[in-house]
Amino acid sequence: QVQLVESGGGLVQAGGSLRLSCAASGRTFSSYAMGWFRQAPGKEREFVAGINWSGGQTRYVDFVRGRFTISRDNAKNTVALQMNSLKPEDTAVYYCAADRTIFIGTESREYEYWGQGTQVTVSS
């Protein structure tokens, strides 16, 4: 069982930065691939970035590549999403998710555990 709690969301102007953090409970955190998803009003939840159990592999959706960076600290049971050059279209609720697999999934159905989400609002 893994419990996930996101933090770090907020309101930022376009071009600004935010750093989201996800704290995980449980002693097997390093066994999980982790992902960040987002959901904007009226839209489906979509994959943003993922990282494998060791942090040695990452995966990004095209529209954030080069702007967002995912990282993890297995000693602290945390995963972070550094978001730079934010755009109004990045506005959404951002979710952290965990999947006990060696692969980095990009579909919501592949992830077993979810956090409650944190709101990111980017003003123009």
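As shown above, the structure is provided for reference.
Undergrad: What is the right way to look at the nonpolar core in this model?
TA: Soluble globular proteins tend to pack their nonpolar side chains together in the buried interior. Leu4, Met34, Trp36, Leu81, Met83 and Tyr94 are the most contacted members of the largest nonpolar core, which totals 36 residues. By residue number, the principal contributor to this core is strand β9 (residues 92-99), which donates 5 residues. When near neighbours in sequence (up to four residues on either side) are disregarded, Leu81 contacts Leu18, Arg19, Leu20, Trp36, Val48, Ala49, Phe68, Thr69, Ile70 and Tyr94.

Undergrad: What exactly am I supposed to notice about the side chain of Asp99 here?
TA: Looking at where Asp99 falls in the secondary structure, it is placed in strand β9. Not counting residues up to four positions away in its chain, the partners in contact with Asp99 are Ser31, Tyr32, Ala33, Glu110, Tyr111 and Glu112.

Undergrad: How do you make sense of the pairing of strand β11 (residues 118-123) when you look at a structure like this?
TA: On β11, burial follows the alternation: Thr118, Val120 and Val122 on one face are buried, whereas Gln119, Thr121 and Ser123 on the facing-out side are not. Relative to β11, strand β2 (residues 10-13) is paired through 4 bridges, and the arrangement is parallel. Following the sheet pairing, Leu11 is matched in β11 by Thr121. Where β9 meets β11, 3 bridges bridge the pair, whose relative direction is antiparallel. Paired with Tyr94 across the strands is Thr118, a residue of β11.

Undergrad: How do you make sense of the pattern of salt bridges when you look at a structure like this?
TA: Side chains that carry opposite charge are capable of pairing whenever their charged atoms lie near each other. Counting across every chain of the model gives 4 salt bridges. Of the charged contacts in the structure, one is a salt bridge between Arg65 and Asp62, with a shortest N-O distance of 2.5 Å. In this structure, Asp90 and Arg67 form a salt bridge, with 2.8 Å as the shortest nitrogen-oxygen distance. Of the two residues, Asp90 is situated in the loop between β8 (78-83) and β9 and Arg67 in the loop between β6 (58-60) and β7 (68-73); the sequence distance between them amounts to 23 residues. Under the relative-accessibility criterion, Asp90 is labelled buried at 1%. Taking the relative accessible area as the measure of exposure, Arg67 reaches 11% and is therefore buried.

Conventions and cut-offs
- Counting of residues starts from 1 at the beginning of each chain's written sequence and follows it residue by residue.
- Selection of residues for local features in this predicted model requires a pLDDT of at least 70, selection of side-chain atom pairs for listing and counting requires 80 or more, and totals for whole chains, interfaces and linings are taken over all residues.
- In computing side-chain values, all of the structure's heavy atoms are included and hydrogens and water are not.
- Residue types Ala, Val, Leu, Ile, Met, Phe, Trp, Tyr and Cys, when buried and joined through side-chain atoms within 4.5 Å, form a set referred to as a nonpolar core.
- Any residue under 20% of the maximum accessible area for its type is buried, any over 50% is exposed, and the rest in between are partly exposed; the area is computed with a 1.4 Å probe on protein chains only.
- For helices the rule is a DSSP run of H or I covering at least 4 residues; for strands it is a run of E covering at least 2, with both sets numbered from the N terminus onward.
- Here a residue-residue contact requires only that any non-hydrogen atoms of the pair lie within 4.5 Å.
- Pairing between two strands requires that DSSP report at least two bridges joining them.
- One side-chain nitrogen of Lys or Arg within 4 Å of one carboxyl oxygen of Asp or Glu is enough to make a salt bridge.

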